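Here are the chains, one letter per residue:
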Amino acid sequence: MPSRITWLNRELIIYTFRSTGWIGFLYLIGLIFALPLEILTRILNEKNEYVEFENLFSSQQMIQFVLVIVIPVLLAISLFRFLQIKQASDFIHSLPITRGTVYFHMIGMGFLFLALPIILTGSILLLFQSAIDIESLYTLTDIWSWMGITFLLEVVIFTVAVFIGMITGLSALQGLLTYIVLALPVGLFVLLAANMKFLIVGFSADYYLRTNLKGISPLLAATEMEKITFFSFQTLTYAVFTVLFSFLSLVIYQKRKLEHVSQAFVFPRIKPLFKFGLTLSMLLFSGFYFSETTGKIGWIFFGYVIGSLFGYYLGEIVLQKTWRIKFNPKGYLAFMMIIIVLGLIMKMDPIQFKTKIPDEREISQIYIGNSPLFIEEEIPYTGPTFLKQKENIEAVTLMHQQIIEKGKMVSVGEWSDAQSVFIMYQLKNGKRLAREYHLQNYDSYLPLLAKIYESEEYKKTVNDLLNVTTEDVSKIRIKASGQVDKSVTIKDAQQLREAVQALSEDLDNQSFAQMKNSIGDYATVDIYLKDKKIIYMNWDSSLTQFSKWMEQTEQTRKARLLAEDISYILIARTDSQIYHSISAEELARQIEKKPNCLKINTLSDIDTLIDNAQIDWDGEYLAAFYYKDSREVDIKSFSGDHVPDFILEHFNE
């Protein structure tokens, strides 16, 4: 009587197990080292260091990552290697079974080799969990989550590798293309976004690149597996793609011609797709590389040409399996013509991307800053992250309109000395509209910017202290700037109240110019809150109320940098040679070598320099501050109205 499950071929299973089973065994050994053995070591640690254990994904994280991205690809190559070797192909396809049966045997064994090590490792973890009180390490839910997410990531990578194996006749190319395809969604998006900012004024590549792209690629998602939630849209997508790639692989396998063994691509129609895809990727990458390294338009276009030529040539080498190819310019020229046309279309802006400003009635709130880097970060306190007041919305939209009208003054890249402005509208329908400009005429927008930045609403968005009360503060620590060992800690309730009030008044009264440049670096102020959070501030010359309060309470000498702490100061005019120095010590040596270097060692002049120095090195004059009690040196600078007269007189300004 025939069996009801005759589609199971015992000999094929034994053949597969003998040829590929070692990969599953290797995977099991790797998982045992990464999890049970590591956890056992922590449990037996006499110092109980296992309390620092974060989750199961963090145990030997690098080993787990390598296993997750390598084992499925290795397994797919090994299982379907018979498609790339003529003798093996002839043997398998001479068996009295259909291709569909062969495929389901191979893919089933692949799933089994991936699942069994995970199940066995999970069982050991379950045994630990039930035998020992290690709830602080992990729970039952953690084990199921680890098993499910690990298996899902591996099967989606495995099915992609199988799919690639169906279209190529080379094992090495199968492995390489698998990783390229897995990283392609993110890589292509990054390259396109990085290059679009050259063509479309206002396009913010950083804003779009800050979105969570890792979830798009399972390869990159494996770097942060602990962030994946098992029941989520992301895992559902992976499951759908697993089924989709499995089905497509079966269809392609049924149509694959066996004589195409050892061919780079077994389907001729894929060859131009591969060649021109590689050409496009190299064009974008090369343009991005030269934009980051040179910042010159000419070099960027040079990068486009060189990158595309190299990508086209490399594609031909792979397809013809020799580097001695005859270059055919027709295909390359046709490709470049299409690229130029697409570039011109983007430049013409048919969707009016460059001029689009939402109607004020559609706007619910606005974000404005120098970059989009801080938009999605959590604001620790209750202050608004966006501007909602009508006056601020009107000022931002007016400024945006002026930027568009003065388009010729907008830099097309961030390599110039232009100032960046990032604007994002949150619309009432839930959508967002983001624009980023690098303005060469930044100063012409200062009145509008000052109106926005000096508003009470904006100050609350950037100053955490304005969003807490005195009762929230547990202590304040003030530490002198520079190489000076002086500090004061305030814990008295009355003094805390007065200090917070003085600091809040100063922040309320700060002008836009004071917010842009910190002049007079006296000390750092760390405000410790009762919820364990810390607010960091700088005590500079703009904090007049706080300085006055510190003087009244006779704490200034104990907490801030004073002239008596400085031995002497050397000053030189900034020039290109000094500007390119890379360290404070090197910069100090350069300043000292200057023939007209100015040396200041009188207390009154040093006091003036401390009050007018800015922290950055961008000023017109650089100064090396030498301390009495330290061999370290600090570099500060002076510019504009904050250059003391005796410096101007010395340099005959």
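Residues numbered from 1 in each chain as written. Predicted model: local features only at pLDDT ≥ 70, side-chain atom pairs only at ≥ 80, totals over all residues. Heavy atoms only, no water.

Participant: Please provide a residue-by-residue account of the sheet that holds strand β5 (residues 473-480), values included.
Facilitator: Pairing is antiparallel across the open sheet formed by 4 strands, whose spatial order is β6-β5-β7-β8. On the outer flanks of this sheet lie β6 (487-490) and β8 (534-539), each paired with one strand and no other. In this sheet, neighbouring strand axes are inclined to one another by 15° on average, regardless of whether the strands run parallel or antiparallel. Alignment of strand β7 (residues 523-529) against β8, held across 6 bridges, turns out to be antiparallel. The partner of Y528 across the bridge, within β8, is I534. Across the sheet, helix α17 (residues 493-509) is in contact with β5, β6, β7 and β8; its angle to β5 comes to roughly 70°. Each of β5, β6, β7 and β8 touches helix α19 (residues 544-552); the most contacted strand, β8, lies at about 85° to it. (Pairing = 2+ DSSP bridges. Helix = DSSP H or I, 4+ residues; strand = E, 2+ residues; numbered from the N terminus. Axes fitted to C-alpha atoms, helices over the stretch in contact; angles between N-to-C directions. Contact = heavy atoms within 4.5 Å.)

Participant: Go over the domain arrangement of the protein chain with me, naming the residues and quoting the values.
Facilitator: Considered domain by domain, the protein chain is made up of domain 1 (10-256), domain 2 (268-349), domain 3 (360-461), domain 4 (468-558) and domain 5 (563-651). A separation of 50 Å is found between the C-alpha centroids of domain 2 and domain 5. (Domains from an automatic or database assignment.)

Participant: So, the packing of aromatic side chains: which residues are in play, and what are the values?
Facilitator: For the coordinates displayed, the defined rule picks out 33 aromatic pairs. Considering the side-chain rings of W539 and F546, the 5.2 Å spacing of their centres and the 80° angle between planes classify their relative orientation as edge-to-face. Accessibility assignment for this pair places W539 and F546 in one class, buried. Taken together through their ring pairs, the aromatic side chains of F203, Y207, Y208, F353, Y367, F386 and F422 make up a single cluster. A cation over an aromatic ring shows up here: R435 above the ring of F353, its NZ or CZ 3.6 Å from the ring centre. We note R560 situated over the ring of Y522; from NZ or CZ to the ring centre the distance is 3.7 Å. (Phe/Tyr/Trp six-rings, centres within 6.5 Å; stacked < 30°, edge-to-face > 60°. Buried < 20%, exposed > 50% of the residue type's maximum accessible area, 1.4 Å probe, protein only. Lys NZ or Arg CZ within 6 Å of the ring centre and 35° of its normal.)

Participant: Could you give an account of the nonpolar core, naming the residues involved and the relevant values?
Facilitator: Inside soluble globular proteins, nonpolar side chains tend to come together where they are buried. Grouped together as the largest cluster of nonpolar side chains are 73 residues, with contacts concentrated most on F80, F82, W146 and L153. Here this core takes 17 residues from helix α6 (residues 140-167), the largest share from any one element. Aside from chain neighbours lying at most four places away, what touches L153 is V68, P218, A221, A222, M225, I228 and Y238. With 48 residues, the next largest nonpolar core counts A480, I490, I566 and I647 among its residues. (Core = buried A, V, L, I, M, F, W, Y, C linked by side-chain atoms within 4.5 Å.)

Participant: Describe the UniProt feature "domain: DUF6449" (unreviewed entry) in the protein chain, and please don't skip the residues or the numbers.
Facilitator: Under the present numbering, the feature "domain: DUF6449" (unreviewed entry) in UniProt falls on residues 425-518. Counting secondary structure, residues 425-518 comes out at 39% helix and 24% strand; the distance between its end C-alpha atoms is 29 Å. (UniProt positions renumbered as here; feature names shortened; annotations may be inferred.)

Participant: Tell me what's going on with the sheet that holds strand β11 (residues 621-627), and back it up with residues and numbers.
Facilitator: Read from one edge of the open sheet, 4 strands run β10-β9-β11-β12, paired in antiparallel fashion. Strands with a single pairing partner mark the edges of an open sheet, and in this sheet they are β10 (598-600) and β12 (633-638). Neighbouring strand axes in the sheet, compared pairwise and without regard to direction, differ in orientation by 25° on average. Bridge count between β11 and β12: 6 bridges; the pairing is antiparallel.

Participant: Give a detailed account of the environment of S541, specifying residues and quantitative values.
Facilitator: Along the chain, S541 turns up in the loop between β8 and α19. In this structure the side chain of S541 is engaged in a polar contact, spanning 2.6 Å, whose partner is the backbone oxygen of I519. (Polar contact = N/O pair within 3.5 Å; in protein donor to acceptor, adjacent residues only side chain to side chain.)

Participant: How would you sum up the pairing of β6? Please name residues and give values.
Facilitator: Working note: regular strand, side chains alternate between the two faces of the sheet. Covered by surrounding structure in β6 are V488 and I490 only, the residues S487 and T489 on the alternate face being uncovered. Here β5 pairs with β6 via 4 bridges, running antiparallel. Paired with I478 across the strands is V488, a residue of β6. If you look at the hairpin formed by β5 and β6, you'll find 6 residues sitting between the two strands, and G482 has a positive phi there, around 75°.

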